[in-house]
Structures are given as structure tokens and as C-alpha cells.
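Next come the chains, spelled out residue by residue.
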Amino acid sequence: MAEKMTVAAGEAVESLEPGKKSNRKRILTIALVFICAGLWLWRYISLNGGLVINDLYESAYYEQGDIVEFGDNLSSGKKYYSGYMISVDSSKIYNSADYMEMLGKTEEDFDILIPDKVIEITVTLYNENKAKAEDESYTDADGIYFSSLELVGTDWYEYYNREFTAYANEIYEDDVYQSYGIIVEAQSSYTMKLIYNLDKRERTDAVWAKIEEEEMYLEITIRPVDQFIKLSPE
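An account of the accompanying structure is given in this report. (Residues numbered from 1 in each chain as written. Predicted model: local features only at pLDDT ≥ 70, side-chain atom pairs only at ≥ 80, totals over all residues. Heavy atoms only, no water.)

This paragraph deals with the overall build of the protein. Secondary structure assignment for the protein yields 4 helices and 15 strands. The 234 residues of the protein split such that 46% are buried. The contacts of the protein with a sequence gap of at least 6 include a subset with a gap of at least 24, amounting to 77%. Accessible area for the protein stands at about 13500 Å²; split by element, carbon and sulfur atoms hold 49% of it. (Helix = DSSP H or I, 4+ residues; strand = E, 2+ residues; numbered from the N terminus. Buried < 20%, exposed > 50% of the residue type's maximum accessible area, 1.4 Å probe, protein only. Contact = heavy atoms within 4.5 Å. Areas by Shrake-Rupley, 256 points an atom, 1.4 Å probe, with all protein chains shown as cover.)

Written as C-alpha cells, this is what we have:
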């Protein structure tokens, strides 16, 4: 692994508000305990000597083009990205062979098993944290780990493909040991591509037959608000 996460000198941005790019469609689902269930709960507790209720989390859904704030929510990998926001600008599914040809790569350039298809997700990351002083330097704690951003389907999830992501973004200069994350300079934004596997071997024939019609989401935080951006592949 690289000693330090890659720093992207992005474009300066003015203060943004989440959802500024499009009309945000946010659906909040909160599990509630209804009064009418009180008697049932009382009987259950009486019979079982107690009742344990798991923590209940709110879910929020967004569309491509929405700017979504990480806020104080926890992301996968036990990471917090306060001050960052993200938008999914576009997404597209490719046969892996075609995508490798676009990148000028062959199977010999890959150490991991090449999937049947990949989905390319173009994202813009916004860092609204306070600018660093001249004598301060960036550390990995100032960046985003791509393993925190999971691709989610109906009954499956995928982590990003580190090799494809390195080859698809010039900033990494084909260095697969650098493509584990990115630091966007404070008060700026940076647009890049994240690549995820879509592999027939990991899905049933029925699911694979309709993989390009599958509802897919980029899950960016998990709690206390579980936030999803719905993809609309071209």
C-alpha cells in the first residue's frame, strides 16, 4: 500500500448545498412501533422475560446528479467523511473485454480475476473542509477510502475494483497501490471514475440474464442514516 493517499488538486468550489444539482427525491423510511402493537408487546415480554429491540436506522435514497452530504454518518469500514459531499454524474455497464480495450490494457495487466462485466461510475467529490495552513500537510485521514463506497443490488453487493480504477484515472498513473482512495484538497471538487465488478459467477442465471436492468445503488453511509444513490446506467 502506498505510504500516502493521492492528493487531487481539484477545482475550487463555492459553498454548496446538498441536492443543488437536481430536484432531490428523498425517501425516508423509519421503523415505528405502533400503539396498536402495545398489547402484543406486553404479552411477548411477559412470556419471554424481556424484549430486545435492535437500533433502528433511517434510510435515504437519492438520484444520479444529486449532491449528497456524508455529514456525521458512518461509512463502511468504520470511516467518517465529515465535510465531504458526493454526486454520481453518470454510470455505464461494459463488457470487461471492451473496457480493457478502451483503457489499452490486456489480461496480463491484471493480477486479480477479470469479471465478465464492469460498471463505470463517474463521481464528483466535494471537500468543504477548512483549507490547510501553509505548514500543514494532508494525511490519509483527510481522504476517502473507496472500500467505504459499496455497490448494492437486490441481494448482493460489490467493492470497487482497484486495478480497473487505477487504470481508468490518470491521477494514479496505473499504480494499483495508490488507487485505494483519494484526498480532495479542501474547498475544491474532483471528478473521477470508480469501477465495480459485475461477474456472472457470483449470480444466479436468472439475475445475470437481467443484470443491466437490475436496480443498483452506491451506498455511501450506513448509520445513523443509511444513504443510497440510485444508478441510472446509460
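Don't stop here, the text continues.
Backbone torsion omega between Arg223 and Pro224 reads 0°, so that peptide bond is classified as cis. Tracing the backbone shows Pro224 in the loop between β14 (217–221) and β15 (225–230). The phi angle at Lys78 is positive, at roughly 60°, despite the residue not being glycine. Locating Lys78 in the fold gives a position in the loop between β5 (74–75) and β6 (79–80). Positive phi, close to 65°, is recorded for Asp174, a residue that is not glycine. Tracing the sequence through the fold places Asp174 in the loop between α3 (162–168) and β12 (181–184).

If a strand is regular, its side chains alternate between the two faces of the sheet. When you tally the buried positions in β15, you get 5 out of 6 residues, the bulk of the element. Both strand β3 (residues 58–63) and β15 contribute to a ladder of 6 bridges, which runs parallel. Bridge pairing in β15 links Ala60 to Gln227. Hairpin connection between β14 and β15: a loop of 3 residues separates the two successive antiparallel strands. (Pairing = 2+ DSSP bridges.)

Overall, mixed pairing links the 3 strands, which are arranged β1-β12-β9 in an open sheet. Every other strand in the sheet has two partners, leaving β1 (7–8) and β9 (144–145) as the edge strands with one partner each. In the sheet, β9 pairs with β12 via 2 bridges, with the strands oriented antiparallel. Note on β12: the bridge partner recorded for Ile144 is Ile182.

This part covers the pattern of salt bridges. Should the charged atoms of two oppositely charged side chains come close, the side chains can pair. Following the criterion strictly, the structure yields 7 salt bridges and no others. A salt bridge links Asp142 to Lys132; its shortest N-O distance comes to 3.3 Å. Here Asp142, found in the loop between β8 (117–127) and β9, pairs with Lys132, found in the loop between β8 and β9; they are 10 residues apart in sequence, far enough to count as distant. Between Asp199 and Arg201 there is a salt bridge, with its nearest N and O atoms 2.9 Å apart. (Salt bridge = Lys/Arg side-chain N within 4 Å of Asp/Glu carboxyl O.)

Within the element layout of this structure, Lys117 appears in strand β8. Judged by relative accessible area, which is 14%, Lys117 ranks as buried. Among the polar contacts listed, one links the side chain of Lys117 to the side chain of Asn95, at a separation of 2.7 Å. Beyond its immediate chain neighbours, meaning those up to four positions away, Lys117 contacts Ile93, Tyr94, Asn95, Ser96, Tyr196, Asn197, Leu198, Trp208, Ile211 and Glu212. (Polar contact = N/O pair within 3.5 Å; in protein donor to acceptor, adjacent residues only side chain to side chain.)

With that out of the way, let us pick up the sheet that holds β3. Read across the sheet, 5 strands follow the order β3-β15-β14-β10-β11 without closing on themselves; strand pairing throughout is mixed. Strand pairing shows two members of the sheet lacking a second neighbour, β3 and β11 (157–158), which therefore form its edges. Bridge count for strand β10 (residues 150–152) against β14 is 3 bridges, and the pairing is antiparallel. Considered in β14, the bridge of Glu150 is made with Glu219.

Burial of β12 is two-sided: the residues Gly181 and Ile183 facing one way and the residues Ile182 and Val184 facing the other way are all buried. With 2 bridges connecting them, β1 and β12 associate as parallel partners. Residue Ala8 lies in a different strand from β12, and its bridge partner there is Val184.

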